[in-house]
Amino acid sequence: MTRLACFYVPMFVLAARLRSEPDLLNEAVGIVEGNGNNAHIVAATRRARKKGIQPGQSLAQARSLLPKLIARGRDAECERTAQEALLEVAETFSPRVEDAGEGVVFLDVTGMERHFADEPGSAGVPPASDAELRLARAALRACDAVSLPARVGIAASKLAARVAAELPKSPTVVPAGEEATFLAPLPLTRLSPELEVAAMLQRFGLASIGDLAKLPESEIASRLGEVGRELHWAARGIDPRPLMPRPLPPEFREGTELEWPLVALEPFLFIANAALDRLSKRMEIQGFACKRLEFTLTLDPEGYDARGIDLPAPTRDVKTMLTLMRLDLEKTPPGAPVVGFSFVAHPDRPRRAQLSLFGPSAVSPEKLATTIAKLVSILGDGRVGMPMTVDGHLPERYAINVFSPPPPPDMKRTPARARGLLAVRTFRPPIPIEVTTREAAGDDVQIASIRSIVDSETPSPTPNSRNRVEVGSKIDIGGTVRICSGPWRIEEGWWSDRPDIREYWDVELERGGVYRVFRGGAEWFVDARYEM
Amino acid sequence: MAVLARRLDTQFQLLEAPAILKPATPPQIVESGEGEAVRNLRATLEASIASKLTSGSELVRAVARHRREEILPTTIPPLDALLGGGLARGKMTEIAGRGTRFSIVIATLAAATSIGEAAALIDASDSFDPQLAEAAGVDLRRLLWVRPQTMKETVTAAEMTGATGFQLVIIDIGSRRPPGRRVPDAAWVRLARVAESHGATILISAPYALTGTTSEAMILAHSPRPRWLGRGNAPRVLAGVETKLKLEKHRRLRPGQTTTVFFQCEEAVGSAQSDVIAIPTADTRQPTAAAKAS
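Asks: Just checking my understanding: could you explain the interface of chain B and chain A for this structure?
Replies: Interface size is commonly expressed as the accessible area that is lost once the parts come together. Opposite the 78 residues of chain B that make contact, chain A presents 70 residues. Sorting the residues of chain B by area buried against chain A places I115, R147 and R176 of chain B first, and these three jointly supply 11% of that buried surface. Inspection of the region where chain B meets chain A yields two salt bridges. For R425 of chain A, the salt bridge identified is with D172 of chain B, shortest N-O distance 2.7 Å. Taken together, the connections running from chain B to chain A amount to 20 residue pairs in polar contact (both at pLDDT 80 or more). When contributions to the side of chain B that touches chain A are tallied by element, the ones reaching two or more residues are α4 (56–68), α6 (101–114), α7 (130–135), β5 (143–146), α8 (151–164), β9 (225–229), β10 (237–250) and β11 (258–264) of chain B.

Structure representation (structure tokens):
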């Protein structure tokens with residue numbers, strides 16, 4: 001038999017708002033719908049209700065009863081994200097989840113109850129002998145973790161599960177086959193019949209669900225039509241429509257509308273931090289990490305500012321995401337006060353690594369992703385990554401890729417003896433020079449002296465060592481050549497219209513230093529210095 | 001005194017004749033680590049599986065041995081001998097001067113990555129050549145290349161990578177300091193603490209001494225001398241560069257020792273040593289004043 005669970009959040013509008021503003025949890029808060037004279041209370045906290053605030057009262061009435069009432073408008077973004085959070089919690093219990101509207105979720109838990117155990121050390125709660133009760137308690141804990149005060153009911157039909165969830169003593173499990181018995185004493189209003197149908201049933205003299213269930217189905221259907229037949233099924237604990245599972249969402253959203261426009265970055269980041277924290281927790285529940293974060297700022301008086309941040313590696317670290325967001329906003333401010341925001345996290349599976357007991361310790365993928373994201377935000381794109389060689393003959397060619405190291409070997413090895421190669425320091429970009437040449441054997445050219453070309457607009461350089469002077473960010477090189485070795489010819493792209501043909505020399509200057517010089521066309525450059 | 005004498009008398013029996021020394025019983029044979037059960041188990045297993053089986057006592061001994069061997073060899077024998085085996089893990093080592101610092105950096109990267117360790121190169125002068133590094137034996141897949149533009153970014157990147165778990169972090173500063181303000185000495189103290197707390201090996205390569213007293217060892221690289229192939233009118237080919245290294249400071253070893261290392265060009269690999277010539281030069285390059293002061 002199919003077993004369905006219902007997650008129900010009472011006063012969902014209020015619960016969604018308090019989830020975004022947890023500081024208001026112990027305050028007298030009323031959620032208001034409508035503007036001006038039409039503003040009326042739709043939900044209120046317990047503290048406000050104790051003072052007489054009730055749903056349906058106008059805001060003026062509520063203020064007369066409780067002048068210090070904190071009024072908050074309904075926030076569609078908060079409610080949407082709270083509903084998504086509830087659905088995501090449900091998806092951790094079952095893959096078949098139906099979104100039934102504000103604060104109500106149905107899920108198929110048939111056979112799932114065996115996977116859940118009682119929380120160890122839960123004081124004051126007797127251990128559950130029923131496996132379904134254990135599942136329901138685990139669901140309550142999971143909802144609590146995403147700051148939603150949900151109630152849980154389990155039964156064989158959606159109506160019975162919903163009614164069980166609405167009971168104040170949660171969780172409630174209706175034993176299999178006893179749905180009709182469970183529903184029988186309840187008033188007909190629990191079935192939520194339409195107004196005309198409710199009046200007709202009242203005229204029939206029916207007071208409870210059990211009274212309706214006792215009547216023959218054909219008689220009800222002949223008098224009330226399709227609506228009556230569905231009501232009769234529901235009264236007998238049979239769902240007129242099966243569970244409608246929802247597809248998995250491709251992204252995670254969080255956001256809120258602000259009470260007043262924000263013009264400074266710090267207050268915005270303070271609120272964004274809480275939203276990102278909620279987003280991170282939701283992704284953690286599903287086992288995802290964020291690979292791209294998009295955020296849309298609602299501007300005052302109108303307009304939107306949409307941005308996106310690509311993370312170097314999937315991460316759930318709130319601090320990293322907040323740092324990247326700060327850097328992006330500092331670089332290009334939105335240009336208008338912000339009255340709302342929404343974050344969209346595109347999920348991806350976080351990287352995992354199997355650590356070795358005896359080999360070299362591996363870098364944690366999670367920490368690595370965070371570090372690289374921070375480094376990229378500080379240094380800029382293309383300045384952090386894994387170096388790669390590129391096919392070709394030109395020595396300055398290189399590429400930089402996303403750093404994702406392979407796992408270390410299982411056993412630690414002994415390093416091989418170094419080849420002892422002489423390293424060169426590459427100049428990026430190559431430094432243009434003037435060259436004096438002299439004749440050599442054959443057609444070859446030998447270099448007699450070199451001198452870097454100094455831009456006339458730059459100030460006159462001041463020597464700070466024997467043969468080097470600092471020119472802005474470049475190095476000025478010059479002097480008589482003592483030993484010249486070359487040329488070595490390199491040709492690349494001979495098949496194209498403009499092939500790259502170069503001749504390379506190694507030159508040692510009289511004053512010291514060995515440089516790699518090349519001629520490309522009519523121009524001369526120094527592109528590297530041998531380690532000196 | 002009398003009371004004290006009586007006490008000694010009762011405790012140690014000073015007044016009795018000295019006992020004849022007897023040969024001590026031979027000490028019990030210390031377990032070799034391979035217990036009976038492990039030996040029997042290994043005998044029944046296939047050789048390839050038995051070789052991977054480790055007992056608890058063997059594991060404890062291996063961990064102790066690993067702690068003793070907490071050095072990362074640079075795989076340049078003269079330099080390793082100068083440093084007492086290599087770079088100390090969990091410590092900061094500095095190489096200063098105008099010598100062949102970058103070649104030492106590349107060799108150290110090759111040593112670390114070849115055994116599967118993750119390394120980070122903080123290349124402040126943006127002069128790293130991946131092609132040459134690959135030829136020198138660096139496993140580029142295990143190397144994080146960071147190219148900061150200021151000194152502050154350089155130290156920050158080193159601290160972050162060290163705290164992330166990279167086993168080797170190298171800061172290389174070219175022939176001149178990157179732009180930006182000088183970093184305070186406290187930054188180097190913090191970096192040394194990162195190395196110690198995360199067990200990272202940190203190598204600083206700079207034209208002048210930067211780390212002060214915070215580093216474990218400091219090597220001074222003297223100005224190098226190029227060596228050429230080819231005699232007489234024959235065309236010349238750069239054979240390599242020779243440089244003198246001096247141990248300026250070490251927390252465990254006596255400073256002042258010197259050694260000479262030779263790095264050869266890839267084109268000259270395989271050439272006979274007798275072909276390498278040193279062309280005399282009037283330039284007697286000495287270490288910079290800053291390096292001397294360190």
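Asks: How should I be thinking about the confidence of the model for chain B in this particular structure?
Replies: Interpretation of this model should avoid reading the predicted coordinates in detail wherever pLDDT is low. Residue and element names in this part refer to chain B. The share of residues in chain B with pLDDT of 70 or more is 76%, and the mean pLDDT across the chain is 79. Predicted confidence for residues 1–19 stays below pLDDT 50, and this span has four contacts to residues more than four positions away or in other chains. Every residue in residues 279–294 scores below 50 in pLDDT, and together they form 32 contacts with partners more than four places removed in sequence or on other chains. If you check the scores for this complex, the pTM reads 0.64 and the ipTM reads 0.73.

Asks: Please clarify how the sheet that holds strand β2 (residues 29–33) of chain A should be interpreted in this entry.
Replies: Strands pair in a sheet through their backbones, by hydrogen bonds, and they do so in one of two ways: parallel or antiparallel. Residues and elements named next belong to chain A. Read from one edge of the open sheet, three strands run β3-β2-β4, paired in mixed fashion. The sheet terminates laterally at β3 (40–44) and β4 (70–73), the two strands that pair on one side only. Pairs of neighbouring strands in the sheet enclose a mean axial angle of 40°, with direction left out of account.

Asks: Got a minute to help me understand the sheet that holds strand β7 (residues 151–155) of chain A in this structure?
Replies: All names here are of chain A. Spatially, β5-β6-β1-β7-β8 is the arrangement adopted by the five strands of the open sheet, whose pairing is mixed. Edge positions in the sheet fall to β5 (97–99) and β8 (172–173), since each of these pairs with one other strand and no more. Across two bridges, β7 lies against β8 in parallel orientation. Within the sheet, the bridge partner assigned to I154 lies in β8 and is V173. Along the sheet face, helix α5 (residues 131–145) touches β1 (4–8), β7 and β8 and points at about 155° away from the line of β7.

Asks: How do you make sense of empty space enclosed by the protein when you look at a structure like this?
Replies: To find leftover empty space, a probe the size of one water molecule is rolled over the atoms. Applying the stated criterion to the full structure yields two cavities of 30 Å³ or more. Forming the boundary of the largest cavity are A418, R419, G420 and L421 of chain A together with S103, I106, A107, A136 and F263 of chain B. Ranked by residues supplied to the lining of the largest cavity, first place goes to α6 of chain B with three residues. Looking at the lining of the largest cavity, its residues break down into six nonpolar, two polar and one charged. When its volume is computed, the second largest cavity comes out at roughly 30 Å³. If you go around the second largest cavity, the residues you meet are L83, G86, L87, A88, T93, E216, A217, H250 and R252 of chain B. Here the residues of the lining of the second largest cavity are counted per class, giving four nonpolar, three polar and two charged.

Basis of the calculations
Residues numbered from 1 in each chain as written. Chains lettered and ligands numbered in written order. Predicted model: local features only at pLDDT ≥ 70, side-chain atom pairs only at ≥ 80, totals over all residues. Heavy atoms only, no water. Contact = heavy atoms within 4.5 Å. Buried area = accessible area lost by both parts, 1.4 Å probe. Salt bridge = Lys/Arg side-chain N within 4 Å of Asp/Glu carboxyl O. Polar contact = N/O pair within 3.5 Å; in protein donor to acceptor, adjacent residues only side chain to side chain. Helix = DSSP H or I, 4+ residues; strand = E, 2+ residues; numbered from the N terminus. pLDDT = per-residue confidence, 0-100. Pairing = 2+ DSSP bridges. Axes fitted to C-alpha atoms, helices over the stretch in contact; angles between N-to-C directions. 1 Å grid on protein atoms, 1.4 Å probe; cavity = no way out; pocket = protein on both sides within 12 Å on 5 of 7 lines; lining within 4 Å. Points joined across faces, edges and corners; volume = space filled by probe spheres on them. Nonpolar A, V, L, I, M, F, W, Y, C, P; charged D, E, K, R; others polar.

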